[in-house]
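# Analysis of the macromolecular model
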Amino acid sequence: MPSVTLYNMKKSVVGNLELPDALFNAEYNEPVIHQAVVTRLANERQGTKSTLTRTEVRGGGAKPYRQKGTGRARQGSIRSPQWVKGGVVFAPKSRDFSKKMNAKAKKVALFSALSQKIRDDEVFFIDEIKVEAPKTKEMATFLKTFGIEKTALIVMDNNDDAVIRACANIAALTTLNVNQISVYEIVKNATIVISRKAAEQIKEVYGE
């Protein structure tokens, strides 16, 4: 059972937090993590692009001019692809890009990605994530205190409106409730900040 340092918002050590091995010390499984990320990105694709083929473009029923004697190339329809407003060759059509991943594999990927972040010292556990006022300056000070300069994900145990509003104007910062985290968000962000209660709730939300 790994033991991690617990900080407050000013980076003072306030204790240690014991974490279950199955969730926070899982073996690194890159293929499953890759599958989870690809599935997430594929499911976000709309797949709504669509253009008309020559059989779908309106008009062009009559031959534009006679076959011979004009000195021009023979044409059968003004809706052929080479004509302006003609049909499109191999026209893209709407399609479903979605993929499926079973629940067990999702859990393996989530715990594997999170465990690797902890091993790489890219996770901070905070006793309580809170701000005195919903101001960007407070969160900016917090990030500077912890030396967080790149993208970061803040995992909270509640939907604290003040914290969410304080983070809203920082482009590199994402706030999520503990039941909203995903492998994609963990992999995408350079640093993860988790509240003590959120860490305790992960086992309840996602199970072992």
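Residues numbered from 1 in each chain as written. Predicted model: local features only at pLDDT ≥ 70, side-chain atom pairs only at ≥ 80, totals over all residues. Heavy atoms only, no water.

Right, let's talk about the overall build of the protein for a bit. A count of helices and strands for the protein gives seven helices and six strands. Listing each helix as α and each strand as β along the protein from the N terminus yields β-β-α-α-α-β-α-β-α-β-α-β-α. The C-alpha radius of gyration computed for the protein amounts to 27 Å, which surpasses the reference 17 Å derived for 208 residues by more than 25%, pointing to a less compact arrangement than a globule. Counting only C-alpha atoms and orienting by the principal axes, one finds that the protein spans roughly 95 × 40 × 25 Å. (Helix = DSSP H or I, 4+ residues; strand = E, 2+ residues; numbered from the N terminus. Rg over C-alpha atoms; globule rule 2.2 N^0.38 Å.)

In total, this model carries nine salt bridges according to the counting rule given. Arg40 is the salt-bridge partner of Glu185, the closest N and O atoms lying 3.5 Å from each other. Taken as a pair, Glu185 in helix H6 (residues 183-188) and Arg40 in helix H2 (residues 30-44) lie far apart in primary sequence, 145 residues in all. Look at Glu185 and you get buried, because its relative accessible area is 9%. Exposure remark for Arg40: the relative accessible area of 26% places this residue in the partly exposed category. The partner of Arg165 in a salt bridge is Asp161, with the nearest N and O atoms 3.7 Å apart. Taken as a pair, Arg165 and Asp161 lie in helix H5 (residues 161-167) at a separation of four residues, close to a single helical turn. According to the relative accessible area criterion, Asp161 is partly exposed, its value standing at 46%. Salt bridges linked by common partners bring Arg40, Glu44, Glu185 and Lys188 together as one network. (Salt bridge = Lys/Arg side-chain N within 4 Å of Asp/Glu carboxyl O. Buried < 20%, exposed > 50% of the residue type's maximum accessible area, 1.4 Å probe, protein only.)

The sheet contact formed by strand E1 (residues 3-7) and strand E2 (residues 13-18) spans five bridges and is antiparallel. Among the inter-strand pairings, Thr5 is bridged to a residue of E2, identified as Asn16. Counting the residues in the hairpin turn of E1 and E2 gives five residues, including Lys11, whose phi is positive at 70 degrees. (Pairing = 2+ DSSP bridges.)

Moving on, we get to the sheet that holds strand E4 (residues 152-156). Overall, mixed pairing links the six strands, which are arranged E2-E1-E3-E6-E4-E5 in an open sheet. Looking at strand neighbours, the two that pair on one side only are E2 and strand E5 (173-177), the edges of this open sheet. Each neighbouring strand pair of the sheet contributes to a mean axis angle of 30 degrees, computed without reference to strand direction. Contacts between helix H3 (residues 103-119) and the sheet are confined to E1, strand E3 (123-126) and strand E6 (191-195), with E3 contributing the most and set at about 90 degrees to the helix. (Axes fitted to C-alpha atoms, helices over the stretch in contact; angles between N-to-C directions. Contact = heavy atoms within 4.5 Å.)

Let's shift gears to the nonpolar core. Within the largest apolar cluster, 34 residues are counted, with the highest numbers of intra-cluster contacts made by Leu19, Phe125, Val155, Val183, Ile194 and Ile202. Here the element with the most residues in this core is H3; it accounts for seven residues. (Core = buried A, V, L, I, M, F, W, Y, C linked by side-chain atoms within 4.5 Å.)

In this section: the environment of Leu17. Of note, Leu17 is situated in strand E2. Considering only alpha carbons, one finds Leu17 and Ala36, 19 residues apart in sequence, at a separation of 28 Å. If we skip the residues at most four places from it in the chain, Leu17 touches Pro2, Ser3, Val4, Leu6, Phe125, Arg196, Ala199 and Glu200.

None of this, on its own, says anything about what the molecule does.
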